[in-house]
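Residue-level structural notes
Each chain is listed here by its residues.
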Amino acid sequence: MSEVLKFVFKGNRNYIQGTSLFNALVEVADQRGLAECNINVSFKHMIHNPVCILEERAPTAADAVVAKITEPDGESYSLCINAAIETEEAVRQGFDEPEACRGSIVGDRSIVQNNPHHADRIELLVSLCKKMHQHCVDSSKKWLFSRYDGRLPIPAMDKVELRITRQVGTRLTCSDVLVNGEKIADMYFS
């Protein structure tokens, strides 16, 4: 399987936001009729081309995005996304990260938001996690979403909480993702 994907650049970014790539992988799982599965997706390199190729195959070290999707019966497959050779001018889309985080409360190595109002669930989780990192770890660093290992679909949220559970200096962190009090994933930032 090989498919051409076209992405927008959000806000003032000159690369495809990890959440957009994540949502493309979720769409593939949906197309396969998976009502529930686990996804382990790693973002290894930024993609600066809005045109990408998604392939189902074994990953290589050169791949920009690698995902392993595991079905409830234990069967799994790998998906890889890389920049295409062809390119075109990126379409831009506004993105208001502070608005997504509005009403959140930052604690000691955690962040909570009750009654989340941002519709894109992975965008909300990543925005909250980034805000938590800027307040609790290092405000001068440009924190990037590097990995999500957890459940799909991300459930509807009445309350979302992220807690930093592991940290390697200011290079890498792992956070628990709790939705409605239940842990659904580990999220990594670097």
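Here the structure is shown first, and the text comes after it.
To keep things clear, this report deals only with the structure shown in the data block. None of the values given here were measured: they were computed from a predicted structure. In this numbering scheme, every chain counts its residues from 1 along its sequence in written order. Where local features are concerned, this predicted model is filtered to residues with pLDDT of at least 70; where side-chain atom pairs are given and counted, the filter is 80 or more; whole-chain, interface and lining totals use all residues. Excluded from the side-chain calculation are hydrogens and water; included are all heavy atoms of the structure.

This next bit is on the sheet that holds strand β10 (residues 145-152). Two strands are said to pair when DSSP picks up at least two bridges between them. Every helix listed is a DSSP run of H or I at least four residues long, and every strand listed is a run of E at least two residues long, numbered separately from the N terminus. Taking strand neighbours across the sheet as the criterion, the 11 strands line up as β1-β4-β6-β5-β3-β10-β13-β12-β11-β9-β8 in an open arrangement whose pairing is antiparallel. The outermost strands of the open sheet, each flanked by one partner alone, are β1 (2-6) and β8 (105-107). Pairwise comparison of adjacent strand axes, ignoring direction, gives a mean angle of 20 degrees for this sheet. Here strand β3 (residues 37-43) pairs with β10 via six bridges, running antiparallel. Bridge pairing in β10 links cysteine 37 to leucine 152. Two residues qualify as a contact provided that any one of their heavy atoms is within 4.5 Å of a heavy atom in the partner residue. Between N-to-C directions, angles span 0 to 180 degrees; the directions come from axes that are lines fitted to C-alpha atoms, helices contributing only their stretch in contact. Most of the contacts of helix α1 (residues 18-31) go to β3, to which it runs at about 145 degrees, and overall it touches β1, β3, β4 (51-56), β5 (65-70), β6 (76-83) and β10. Each of β8, β9 (110-114), β10, β11 (159-168), β12 (172-179) and β13 (182-189) is contacted by helix α3 (residues 121-136), which is oriented at about 50 degrees to β11, the strand it contacts most.

Phe22, Tyr148, Leu162 and Met187 are the most contacted members of the largest nonpolar core, which totals 52 residues. Apart from residues no more than four positions distant in its own chain, leucine 162 is found in contact with Arg109, Ser110, Ile111, Leu125, Leu128, Cys129, Met132, Asp176, Val177 and Met187. Nonpolar core, defined: a set of buried Ala, Val, Leu, Ile, Met, Phe, Trp, Tyr and Cys residues in which side-chain atoms within 4.5 Å join the residues together. Residue burial is assigned from relative accessible area. The probe radius is 1.4 Å, only protein chains are included, and a residue is buried under 20% of its type maximum, exposed over 50%, and partly exposed in between.

The next thing to look at is the side chain of threonine 173. Summarising the element assignment, threonine 173 is placed in strand β12. A 3.5 Å cut-off defines polar contacts: any pair of N or O atoms within that distance qualifies, except that in protein one atom must be a possible hydrogen donor and the other a possible acceptor, and neighbouring residues in sequence count only when both atoms are side-chain atoms. At 2.4 Å, the side chain of threonine 173 forms a polar contact with the side chain of histidine 133. Residues within four places of threonine 173 in sequence aside, it is in contact with His133, Trp143, Ile164, Arg166, Gln167, Met187, Tyr188 and Phe189.

Another point: the pairing of β10. Across five bridges, the pairing between β10 and β13 is antiparallel. Residue pairing across strands places aspartate 149 opposite aspartate 186, the latter belonging to β13.

With that settled, the discussion passes to α1. Since the α-helix advances by 3.6 residues per turn, residues separated by three or four positions end up pointing in the same direction. Helix span, as expected, comes to 1.5 Å for every residue beyond the first. Taking 1.5 Å as the rise per residue, α1 with 14 residues should run 20 Å; its terminal C-alpha atoms sit 20 Å apart, in good agreement. Within α1, 10 of the 14 residues are buried, which leaves the element mostly enclosed by the surrounding structure. By the burial criterion, the buried members of α1 are Gly18, Thr19, Ser20, Leu21, Phe22, Ala24, Leu25, Val26, Val28 and Ala29. Where α1 ends, the next residue or the one after it, glycine 33, has phi of about 80 degrees, a positive value.

Now for the side chain of glutamate 161. Its place among the elements puts glutamate 161 in strand β11. You can call glutamate 161 buried: its relative accessible area is 15%. Here arginine 163 takes part through its side chain, which lies 2.9 Å from a polar atom of the side chain of glutamate 161. Aside from chain neighbours lying at most four places away, what touches glutamate 161 is Ser110, Ile111, Val112, Asp176, Val177 and Leu178.

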